[in-house]
Amino acid sequence: MSKTKFTGTDTYVASEELMAAVDVAAQLQKPLLIKGEPGTGKTMLADAVAKALDKDLIVWNIKSTTKAQDGLYIYDTVQRLYDSQFGEKGVDNIAQYIKLGKLGEAFTAEKQVVLLIDEIDKADIEFPNDLLWELDQMEFYINETKETVKANERPIVIITSNAEKELPDAFLRRCIFHYIDFPDKEMMKQIVDAHFENLEDHLLEQAMNTFYWIRGIRDLRKKPSTSELIDWLRALMIGGCDPDKIQEQLPFLGVLMKKDEDLDVVKDMNN
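Quick look at the structure, then.

Re the sheet that holds strand β8 (residues 156-161)
Two pairing modes exist for strands in a sheet, parallel and antiparallel, and in both the strands are linked by backbone hydrogen bonds.
Then, in step 1: In spatial order, the strands read β2-β5-β8-β1-β9; together these five strands make up an open sheet with parallel pairing. In the strand order of this sheet, the two ends are held by β2 (57-61) and β9 (176-179), each with one partner. In this sheet, adjacent strand axes meet at a mean angle of 20° when their direction is disregarded.
Then, in step 2: One ladder, built from five bridges, connects β2 with strand β5 (residues 114-118); its direction is parallel. Paired with V59 across the bridge in β5 is L116.

Structure below.
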């Protein structure tokens, strides 16, 4: 069990509520389920926790085709058949054709690791339910070798979701849940300060005023995120833009807005 409190890193600014959620999940040995709009640092959290607590990070990126079994192990029957056809030695040793998935790697790690299950809602609706036993008991059974794999050290599990699908109640009951709110101006300044050393205060003030004005426009399909603000600030610095003309001219607007319709809406609102 982790005894170290998570306080963020030099490049990841976390709210008090998020830091507390990480610590509670670690101490209660439950997965931490993270939701929040795109660009609020859901995926980056796991990397920050791993660095802050000096632990290895294992990332399981979930796709629409991902099955729970993929995270446990895969029995490479094709390779075994190939080896048997060409007379390779050891084909009777099934264990050498068992390849652990990301969950299996986390269980068999010698030291506690941070396991990120990223965008769990991309998979089939049954995917979370298929992992209930493994995440509860921290073990799984390999049918081909009649072996039970148990976690050497229970990993710190962080799960992200973009709320594309509703997750099953049975799964939610087993998680600690935290929603990352979009940063207010005060926290956003801390985040920006973590990424820049010599950013002129007036430029930051005018850029942030414009950024939050854009985010406040109701008809946008995709509001600009934190990462896009940081990219925009870099573009403004490189372009040598006059801070007092940022909202009037909206330079490098394509760095912030990623949809044609949103570009038109912002321009219309600014005229």
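A closer look at the environment of D118
Then, in step 1: Counting through the fold element by element, D118 comes out in strand β5.
Then, in step 2: Separated by 54 residues in the primary sequence, D118 and S64 place their C-alpha atoms 12 Å from one another.
Then, in step 3: Once you skip the residues sitting within four places of it in the chain, D118 turns out to touch T43, W60, N61, I62 and T160.

Structural notes on the pattern of salt bridges
Then, in step 1: The tally for this structure, following the rule as stated, stands at 10 salt bridges.
Then, in step 2: As a salt-bridge pair, E119 and K122 come within 2.7 Å of each other at their nearest N and O atoms.
Then, in step 3: What makes K122 partly exposed here is its relative accessible area of 32%.
Then, in step 4: Among the salt bridges present, the one from D231 reaches R234, with a minimum N-O distance of 3.8 Å. Separated by three residues within a single helix, D231 and R234 lie in helix α11 (residues 226-239), roughly one turn from each other.
Then, in step 5: Residue classification places D231 among the partly exposed residues on the basis of a relative accessible area of 41%.
Then, in step 6: Residues joined in a network through salt bridges with shared partners are K222, E228 and K258.

Things to note about the layout of surface pockets
Then, in step 1: Considering only enclosed or pocket space, the largest pocket measures out at about 550 Å³ in volume.
Then, in step 2: Along the wall of the largest pocket there are 29 residues; nearest its centre are Y12, G39, T40, G41 and I180.
Then, in step 3: Of all the secondary-structure elements, those providing two or more residues to the lining of the largest pocket are α1 (16-28), α2 (42-52), β9, α9 (185-195) and α11.
Then, in step 4: Considered class by class, the residues forming the lining of the largest pocket number 13 nonpolar, 11 polar and five charged.

Describing unusual backbone geometry
Then, in step 1: Despite not being glycine, L250 has its phi angle at roughly 50°, a positive value.
Then, in step 2: With respect to the helices and strands, L250 occurs in the loop between α12 (246-249) and α13 (253-256).
Then, in step 3: Residue L250 is classed as buried on the basis of its relative accessible area of 9%.

Definitions and limits used
Residues numbered from 1 in each chain as written. Predicted model: local features only at pLDDT ≥ 70, side-chain atom pairs only at ≥ 80, totals over all residues. Heavy atoms only, no water. Pairing = 2+ DSSP bridges. Helix = DSSP H or I, 4+ residues; strand = E, 2+ residues; numbered from the N terminus. Axes fitted to C-alpha atoms, helices over the stretch in contact; angles between N-to-C directions. Contact = heavy atoms within 4.5 Å. Salt bridge = Lys/Arg side-chain N within 4 Å of Asp/Glu carboxyl O. Buried < 20%, exposed > 50% of the residue type's maximum accessible area, 1.4 Å probe, protein only. 1 Å grid on protein atoms, 1.4 Å probe; cavity = no way out; pocket = protein on both sides within 12 Å on 5 of 7 lines; lining within 4 Å. Points joined across faces, edges and corners; volume = space filled by probe spheres on them. Nonpolar A, V, L, I, M, F, W, Y, C, P; charged D, E, K, R; others polar.

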